[in-house]
Amino acid sequence: MTVTFEVRDGVGTILLDRPPMNALDVAIQDRLRELAEEATRREDVRSVILYGGEKVFAAGADIKEMQAMDHTAMVLRSKGLQDAFTAVARIPKPVVAAVTGYALGGGCELALCADFRIAADNAKLGQPEILLGLIPGAGGTQRLARLIGPSRAKDLIFTGRMVKAEEALTLGLVDRVVPAAEVYEQAHAWAAKLAKGPALALRAAKESIDAGLETDIDTGLTIERNWFSGLFATEDRERGMRSFVEEGPGKATFR
């Protein structure tokens, strides 16, 4: 199995396991979509980690597989590629990418699907597709520009250059840089903390932010207002407010 899914303490880990570089072939892409849908569906999964192991996150697509495809084959495949990554991006739960080693091309695009990115101090990220005469095809031109801004995204995509972890942090491409040996541990700590939070409120926050970024401010405020008022029907809202009044902030236990 080239991608596995393990759940512990409410945290589901999607682990890429295709040595030596976790090249993202069609089989892995389809498996990612399946596991994203499983993580979305399962109530025992409260948060998710994307991880490629201790040495490398994912060095990109399987170039040999892509080289064999002609225009017609890629027209037929490209939507499946994007759908797989979109399924990861739309998991309605907190998702963190634990990035070690290379996260290039499709690997970088997979990390972009997470809500938060923790990178090893030896990580290198980039979108080198231009060096193949291509552009990113799994959401890179869209998610990268939304994350770090169009000018910075164009610099990385136009040149195809790799950036080390510290520059990635400065650009806003990753959110935290830690020693390589601590990447998964810190990702799990982040995910485990949120796994104890109010699941529906976290979903509401994620969907409000993500959907709001795709529309105008008035529509975004409507999305926020509908989620905000809807949460007043949940038991977690009752628990959270009662705990705040009786015990002070940050002590509620959510179901």
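Right above here is the structure, for reference.
Note that the structure is predicted; figures quoted are calculated from it, not measured. (Residues numbered from 1 in each chain as written. Predicted model: local features only at pLDDT ≥ 70, side-chain atom pairs only at ≥ 80, totals over all residues. Heavy atoms only, no water.)

Colleague: What is the right way to look at the sheet that holds strand β3 (residues 47-51) in this model?
Modeller: What holds strands together in a sheet is hydrogen bonding between their backbones, with the strands either parallel or antiparallel. Strand order in the open sheet formed by six strands is β1-β2-β3-β4-β6-β9, and the pairing between neighbours is mixed. The sheet is open, and its two edges are formed by β1 (3-8) and β9 (176-178), each paired on a single side. Put simply, the sheet's adjacent strands are angled 20° from each other on average, direction ignored. The sheet contact formed by strand β6 (residues 116-120) and β9 spans three bridges and is parallel. By the bridge assignment, Ala 119 is partnered in β9 with Val 177. (Pairing = 2+ DSSP bridges. Helix = DSSP H or I, 4+ residues; strand = E, 2+ residues; numbered from the N terminus. Axes fitted to C-alpha atoms, helices over the stretch in contact; angles between N-to-C directions.)

Colleague: I would appreciate a short explanation of the sheet that holds strand β5 (residues 102-104) in the present structure.
Modeller: Pairing is mixed across the open sheet formed by three strands, whose spatial order is β5-β7-β8. The sheet is open, and its two borders are formed by β5 and β8 (162-164), each paired with just one other strand. The average angle at which neighbouring strand axes cross in this sheet is 20°, direction not considered. Two elements, β5 and strand β7 (residues 124-126), share three bridges in a ladder whose sense is parallel. In the sheet register, Tyr 102 faces β7, and the bridge partner there is Lys 124.

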